[in-house]
Amino acid sequence: METFIRADLETVWRLTQDPSLHPRWDLRFTAITPMDTDARGRMRFRYERSLPFHRIRGTGISLGERGRADGTRTSALAFETGDRLSPLRSGRGYWRYVPMPDGVRFITGYDYVPGFGRLPDLVLRPMVLWMTAWSFDRLRIWAETDVPPERWGLLTVLAWWRPERPRAARCRIRPPRAGAMADAPGTLGELT
């Protein structure tokens, strides 16, 4: 999945890599709390997702790579939870930041182990895909216009008369033929 953000690379990097800013635009998280960073630059963190009657908690590790020879940047992530009510038990993914003359191509690939089995995941996986795409568009609006993402609560999905609202349809959602993780950076292997 990818989107194009008409903002500079440093802005997109800051909005996505700062643990206090990331949950503001990403519907998949309520909180991300850094725990520590090791000598290789891997950051361990705790994450939360609040549901109406439950709070899912888990842990993860991430590694950002800023100095790639081709000018791109990457960020790799792995996460897990022991919460039996979590629809995602463990997973991994990456973000790739490709600078362009008038903005940044922001690309993701991810996969996860479903928490409720394969059959419920047939419904859940498209929902997670939609949440990711909608969140990417909310990020795009924030980076391009400086309008805080909190202005675009989930109910604005129904505000069809507001063309400036976040829309998942603005993201290119087709995964590569070789699979969602085909273009994953090598740093993803360093998260074990």
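Above this note sits the structure.
All of these numbers come straight from a predicted model, not from anything done at the bench.

Caption draft 1: Just the overall build of the protein, in detail. A tally of regular secondary structure across the protein gives three helices and seven strands. Listing every helix and strand of the protein by position from the N terminus yields β-α-α-β-β-β-β-β-β-α. Over its C-alpha trace the protein gives a radius of gyration of 16 Å, about what one expects of a compact globule, namely 16 Å for 192 residues. Taken over the C-alpha atoms alone, the protein extends approximately 45 × 40 × 35 Å along its principal axes. The buried share of the protein, taken over its 192 residues, is 45%.

Caption draft 2: Here's a closer look at the pattern of salt bridges. Enumeration according to the criterion identifies 17 salt bridges in this entry. We note a salt bridge from Glu-164 to Arg-162, for which the minimum N-O separation is 3.2 Å. A residue is classified by how much of its surface remains accessible, and Arg-162, at 22% relative accessible area, is partly exposed. Put simply, Asp-137, Arg-140, Glu-144 and Arg-170 are held in one network by salt bridges that share partners.

Caption draft 3: Inspection of unusual backbone geometry at higher detail. If you check the backbone angles, Asp-146 has positive phi at about 65 degrees while not being a glycine. Tracing the backbone through its elements, the reader meets Asp-146 in the segment after helix 3 (118-145).

Caption draft 4: Region of the structure containing a nonpolar patch on the surface. On the surface, Leu-119, Leu-122, Val-123 and Met-127 cluster together into a nonpolar patch covering about 460 Å² of accessible area. Inspection of the secondary structure puts Met-127 in helix 3. On the accessibility criterion, Met-127 (46% relative accessible area) is partly exposed.

The rules behind each value
- Residues numbered from 1 in each chain as written.
- Predicted model: local features only at pLDDT ≥ 70, side-chain atom pairs only at ≥ 80, totals over all residues.
- Heavy atoms only, no water.
- Helix = DSSP H or I, 4+ residues; strand = E, 2+ residues; numbered from the N terminus.
- Rg over C-alpha atoms; globule rule 2.2 N^0.38 Å.
- Buried < 20%, exposed > 50% of the residue type's maximum accessible area, 1.4 Å probe, protein only.
- Salt bridge = Lys/Arg side-chain N within 4 Å of Asp/Glu carboxyl O.
- Patch = residues over 30% accessible without salt bridge, like charges linked within 9 Å, V, L, I, M, F, W, Y side chains within 5 Å.
- Areas by Shrake-Rupley, 256 points an atom, 1.4 Å probe, with all protein chains shown as cover.

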